[in-house]
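As a plain string of letters, each chain reads:
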Amino acid sequence: MQYNSLLYLLVFLPVVLLLYQLLPQRHRWKILLGASYVFFFLLSRKLIVYLLLSTVCMHYIGLWLERCDRVLAGQKDAQNYHALKTAADRKRRRILWLGILWQLGTLLLLKYFNFFSHNADALLAKLSLPAFLPTLKMAVPVGISFFTLQAISYMVDVYKKKMPTDENLGRLALYMAFFPAIMEGPICRYGETAMSLYEGKPLTYQNMSFGIQRMIWGLFKKVVLADRLSPLVVLIFTKYTQYSGVTVLLGAICYTLQLYADFSGCIDISIGAAEMFGVRLPENFRQPFFSRTASEFWRRWHITLGAWFKDYIFYPLSLTKGIKRLGKKARLKFGRHIGPVVQTIIPLLAVWLSNGVWHGAGWNYIFFGLYYFVLILTGNLLEPLLAKTYTTLHVNRNGVFLRVVQTLKMAVIIVTGELFFNAHGLKAGFLMLRSIFTNFSLTVFRDGSLLQLGLSAKDFAVVFIGCLIMLAVSIIHEKGVHIRQSVAQWHTVPRWCFYYAAILLVLIFGAYGSGYTPVDPLYANF
Amino acid sequence: MKEKKRPAVRIIAFLMILSVILIGFSFLFKPKSAAGCIADEESSSLDYVVIGDSECATGFSPMELWKKYGYVGYNCGVAGQRLQECYYLLEQIFECQSPRVVLLETNMCFQSRSDIRMAQQAVDHVAGNIVSLYEYHDQWKQLLFPNEGETAARNTANVNKGFRTTFQVTAYTGGNYVIPSSDVQEIASAQRGYLDQIVSLCREKGAQLIFYSTPSPINWTYQKHNGLADFADDNNIPFLDLNLAADMEAIDWSQDTFDKGDHLNFRGAAKITQYMGAYLSGTGLLPDHRSDAAYAGWDEKLQAYLVGTKQSS
C-alpha cells in the first residue's frame, strides 16, 4: 500500500482517523499501534516478525540496562563501590553491544549477505580458489533500514542516560512501527516522538487542515513530478549506451529531480498524516538545492539520516581515546587548522562509508558515500585557503554572485553523485559519466529524439512548470515564510480557491492511472 | 456551541463545493463519444480484441489478420497486466466497442498479485467510476491541445494495432519444455473469480470468448495447461494451447524469441497470428472488411505496418 494510493488516502487513513477519534484518549495509541501493524503486515506479511523481534530486543536491552543501574544504585554505600561501578559500566557496554549486534546483524544478514558472498566468491575465483559462500534467498521487510536505526538510537540514548528506559512495550512498539513513517522515515528519535504518539491528542481542525495541505503538497511532488519523470529516467539509465552524452546528462538531472520530488514528497505525506494525529515528525529536507557546500547539502537533504550518523557514529568515534590522541599529534604536527581536520578523517570516513552502505548493497552506493567523504574532507582542508583568497580578492562570501556560483557548483556535484547512485553498477556509472564528456551532441534537441524518451512535449511542460512551482515554494520557505500559516490568514474565498486549485492540480496533472506505470516510493527500497 | 459547530459546518461546505467542482470537471473531462477508449479506433468498429499481458502484447499482430483475412481487431495486451486489470479493461472496451470475439491470452491466469495490490486497484476502479476526472484526468492533453498530432509512439501503436513489435533475437536453449503431466495447477481463487467475471461479461455482451496460450518455455507448464483446460471445459470455452499445437508452423526457439523464450519476437508472433487467423476463419465468427469503404484507413496503416515490420520498403 503506497502512501499515494487511494486505498491509503481514502480508505486506510480515514478509517484509522475515525477509530482514533471514537476511542477514549487513553486507548488511542492502541489504534495507532494496531493500524501500524496492519499496515506493515499488508506490506511485508510474515516479515513482520523482524519488526517484532527488533522491538522486543530493544525493549529488553533497555530493561536490562536499567536493571544494571538499579543494582548499582542499591550498592551505593558499599566500600568497593568504585570497582562495582567499573564492572557495571563494562556490563552495560556489553549489553548495549549485544543489542546493537542483534539489530545490525539482522540488517546486514538480510540486506548485505549476498553482496558480501558474491564479492568474496568473485575474489576467491580470481585467486583460483573454490567459492564456498552460498547465495541466500531472503526477503527484506519494508523499512528495515529505518527502524533498525531507530532501535539503535533508543538503546544508545538509554545507555548514555539521555533518557530513562521505557517499560511500556506498547509505546516502544508504536515508536518503531508508526505507519506514516515506517516505509521511508523520517528517522525519529524516541525522545522526540514516542510521547506524542502515545498521548492520543484529539483531532483538531487545524491539525487536520494543515496535515491534509502538507499531504497534498507531497502528492504534487510525488505524483505530478517524480512519477512523470520515471519512464525517462528508467529508459536512460537502462539503455545509456544507446544515447548521447547530453541525453545521459538529462537523465542524471531528471533522476536528481525525481529522487528529490519522490522522497521529499513521500516525507511530506508522512509528516502530514502524522500531523493529523497531532504528532510532529522531524523534518527531513530543507531546500537542499540551495546548498553551497557538500556538508551543507547533507544538513539539508535527508536530515534525519545525517543527524543520526553524526550523533551515533561521528561524535562517539571522535571522542574515543585513539582519535583524540591522533588529534593531539596532528595538531602538533600540522597546526591548528589542518590538525583538527586530520582528527576527523576516520570518523568522517566511517560516517560516509556507513551512509553509502546504508543506501544499498552495491559498489556504486559505497562509491557514492566515499564521493561525499572526499568532497567534504577537501572542503574542510581548503577552507583557510579559500577564506584567504576571498579576503585577498575582496569577494563578499555572502554576496549574490558567489552564492549563485557555489549553488551551481553544488548542482553539478549533486547530479554527478546521483548519477552514480542510480547507475546499474559502478562501471555503468563511470561509463555514463564518460559519455557525457566524450559523446556530447545536442542533436537530441533537434531531431525529435528527446520526445522518444518516454515523455511527450506536454509531459516536459508539466515537469518544467512543476519544477518552477517547487522552486518558488523553496524560495518562500528559505525566506522563513510558513506558507500554510500565511494561507490560513487569507479570506475564506481565496483560501478555498487555493485549496481547490491544489487538489485539482494533483488530480489532473498526476502521472497515474491508465497509461502510467505505478512507481513505488524510491527510498522504500533502501 | 456555535463555536464547536463551525468547523463541522465549514468542512461540510468545503466538501460539498469540492464535490460540485469534481462533478463539473468530470463532465468536462469524460470523452463525449466512446471513441478513444482503444487508442483512436472508431467506436463499434472492431470485431475482435485480444487481451492479456506481455505474452499477448508481443505475440499477436492484428495487422497480419487484416492483411490475410480482412479481420479488424486490436491487441489490448499490457505488460504485467493481471486478470483483475484485464477485467476492468474489458468492461471499458465494451463501453465503446462491440467485439464479436474476445481472445484471452492465458498467461495472466497464473500471475499472482498480492491482495493489497488487488484492493488498491479495486479502490481505483470504484473511484474512477464515481469521479470520472480520476479516470480521464489525462484528457487535459486533448482539452488543452485539441489539434496537436499524436506522438510517434502512439502512432506506432495505432499502426500496429497495439502489437508490440520486436525484431531482436536471443535464443532459448533450454530444450524441450513440453513435458506431459496429468498434474493440475489450479487457478487461484482470486484469479478464478475474475475469470468467472470475464466469462459472464462476454456472455452478457454476446461476445465469443476464446482462450489461447502463447508458446513460452519460461512461463508455460503442462500443469497450467491442465488447469486451464479444466476451466475451459467447465465453461464451454474454446481453448487453443499453441504450446501443444502440432498443426502450427513450429516455433524455432533459436530465432523466434527475443528474450530466451520468455516472449516471442516478430517472427514468432507472425506464426501465432497466422494460426489464430486460420482458426478464426474456420469459425466464421468474423467478417472480412477488406472491400468495406469504412475500413479504407486500415489499408493505409497496413502499408506503414509493412514498412515498419520490414515486409516491404
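In this numbering scheme, every chain counts its residues from 1 along its sequence in written order. Written order determines the labels here, with chains lettered from A and ligands numbered from 1. Restriction of local features to residues with pLDDT of at least 70 applies here, the model being predicted, together with a cutoff of 80 or more for giving and counting side-chain atom pairs; totals for whole chains, interfaces and linings are based on all residues. No hydrogens and no water enter the side-chain calculation; it runs on all heavy atoms of the structure.

## Here we look at the pattern of salt bridges
Residues and elements named next belong to chain A.
(1) Moving on: In the sections that follow, a salt bridge refers to a side-chain nitrogen of Lys or Arg positioned within 4 Å of a carboxyl oxygen of Asp or Glu. Applying the stated rule across the entire model yields 26 salt bridges over all chains.
(2) Moving on: Asp-311 is paired through a salt bridge with Arg-189; the nearest N and O atoms lie 3.0 Å apart. Of the two residues, Asp-311 sits in helix α12 (residues 303-318) while Arg-189 sits in the loop between α7 (179-182) and α8 (190-199), which places them 122 residues apart along the sequence.
(3) Moving on: Three or more residues joined by partner-sharing salt bridges are found here, namely Arg-214, Lys-221, Asp-268 and Glu-283. Only runs of H or I of at least four residues qualify as helices and only runs of E of at least two qualify as strands under DSSP, and these elements are numbered from the N terminus.

## Comments concerning the domain arrangement of chain A
Residue and element names in this part refer to chain A.
(1) Moving on: All the domain ranges listed were derived from an automatic or database domain assignment. As assigned here, chain A comprises domain 1 (6-202), domain 2 (205-285 + 456-526) and domain 3 (292-422).
(2) Moving on: Just the C-alpha atoms count here: the centres of domain 2 and domain 3 sit 28 Å apart.
(3) Moving on: Of the residues lining the interface, 17 residues belong to domain 2; the matching set on domain 3 comes to 15 residues.
(4) Moving on: Buried area between domain 2 and domain 3, summed over both chains or domains, comes out near 1,500 Å², and the portion from carbon and sulfur atoms is 68%.
(5) Moving on: Pairs of N or O atoms within 3.5 Å make up the polar contacts considered here, provided that, within protein, one atom can donate a hydrogen while the other can accept it, and that residues adjacent in sequence are counted only when both atoms are side-chain atoms. Between domain 2 and domain 3 we count 5 residue pairs in polar contact (both at pLDDT 80 or more) in total.
(6) Moving on: Looking at the side of domain 2 that touches domain 3, the elements with two or more residues in it are α9 (205-238) and α10 (245-276).
(7) Moving on: Top element by residues in the side of domain 2 that touches domain 3 is α10. It accounts for 8 residues.
(8) Moving on: Classifying every residue of the side of domain 2 that touches domain 3 gives 13 nonpolar, 2 polar and 2 charged. Here a residue-residue contact requires only that any non-hydrogen atoms of the pair lie within 4.5 Å. Here the quantity called buried area is the total loss of accessible area, with a 1.4 Å probe, experienced by two parts when brought into contact, counted for both. Residue classes follow a fixed rule: Ala, Val, Leu, Ile, Met, Phe, Trp, Tyr, Cys and Pro count as nonpolar, while Asp, Glu, Lys and Arg count as charged, and any other residue, Gly among them, counts as polar.

## Concerning the confidence of the model for chain B
(1) Moving on: What pLDDT expresses is the predictor's confidence in each residue, scored from 0 to 100. The predicted model of chain B averages 86 in pLDDT, with 90% of residues at 70 or higher.
(2) Moving on: For residues 149-154 of chain B, every residue scores under 50 in pLDDT, and the model assigns this stretch 7 contacts once sequence neighbours within four places are set aside.

## Structural notes on the sheet that holds strand β1 (residues 48-51) of chain B
Strands in a sheet are paired, the pairing made by backbone hydrogen bonds, and the direction either parallel or antiparallel.
Residue and element names in this part refer to chain B.
(1) Moving on: When DSSP locates at least two bridges between a pair of strands, those strands are taken to pair. In spatial order, the strands read β2-β1-β3-β4-β5; together these 5 strands make up an open sheet with parallel pairing. Of all strands in the sheet, those with a lone pairing partner are β2 (73-75) and β5 (239-241), marking the two edges. In this sheet, neighbouring strand axes are inclined to one another by 15 degrees on average, regardless of whether the strands run parallel or antiparallel.
(2) Moving on: Pairing between strand β4 (residues 208-213) and β5: 3 bridges, direction parallel. Following the sheet pairing, Phe-211 is matched in β5 by Phe-239.
(3) Moving on: Helix-sheet contacts for helix α11 (residues 266-283) involve β3 (101-105), β4 and β5, and the interaxial angle to β4 is about 145 degrees. Only the stretch in contact is used when fitting a helix axis, every axis being a line fitted to C-alpha atoms; angles between N-to-C directions are given from 0 to 180 degrees.

## Details of the interface of chain B and chain A
How large an interface is tends to be reported as the accessible area lost when its parts come together.
(1) Moving on: If you look at the interface, chain B gives 29 residues, while chain A gives 27 residues.
(2) Moving on: In total, about 2,700 Å² of surface goes out of reach between chain B and chain A, with carbon and sulfur atoms giving 73% of it.
(3) Moving on: The interface formed by chain B and chain A holds 1 salt bridge in total.
(4) Moving on: For Lys141(B), the salt bridge identified is with Asp459(A), shortest N-O distance 3.2 Å.
(5) Moving on: In this assembly, chain B and chain A are joined by 6 residue pairs in polar contact (both at pLDDT 80 or more).
(6) Moving on: Breaking the side of chain B that touches chain A down by element, the ones donating at least two residues are α1 (2-29), α5 (115-130), α6 (132-136) and α7 (140-144) of chain B.
(7) Moving on: Looking at which element gives the most residues to the side of chain B that touches chain A, the answer is α1(B), with 11 residues.
(8) Moving on: For the side of chain B that touches chain A, the class distribution of residues is 19 nonpolar, 3 polar and 7 charged.

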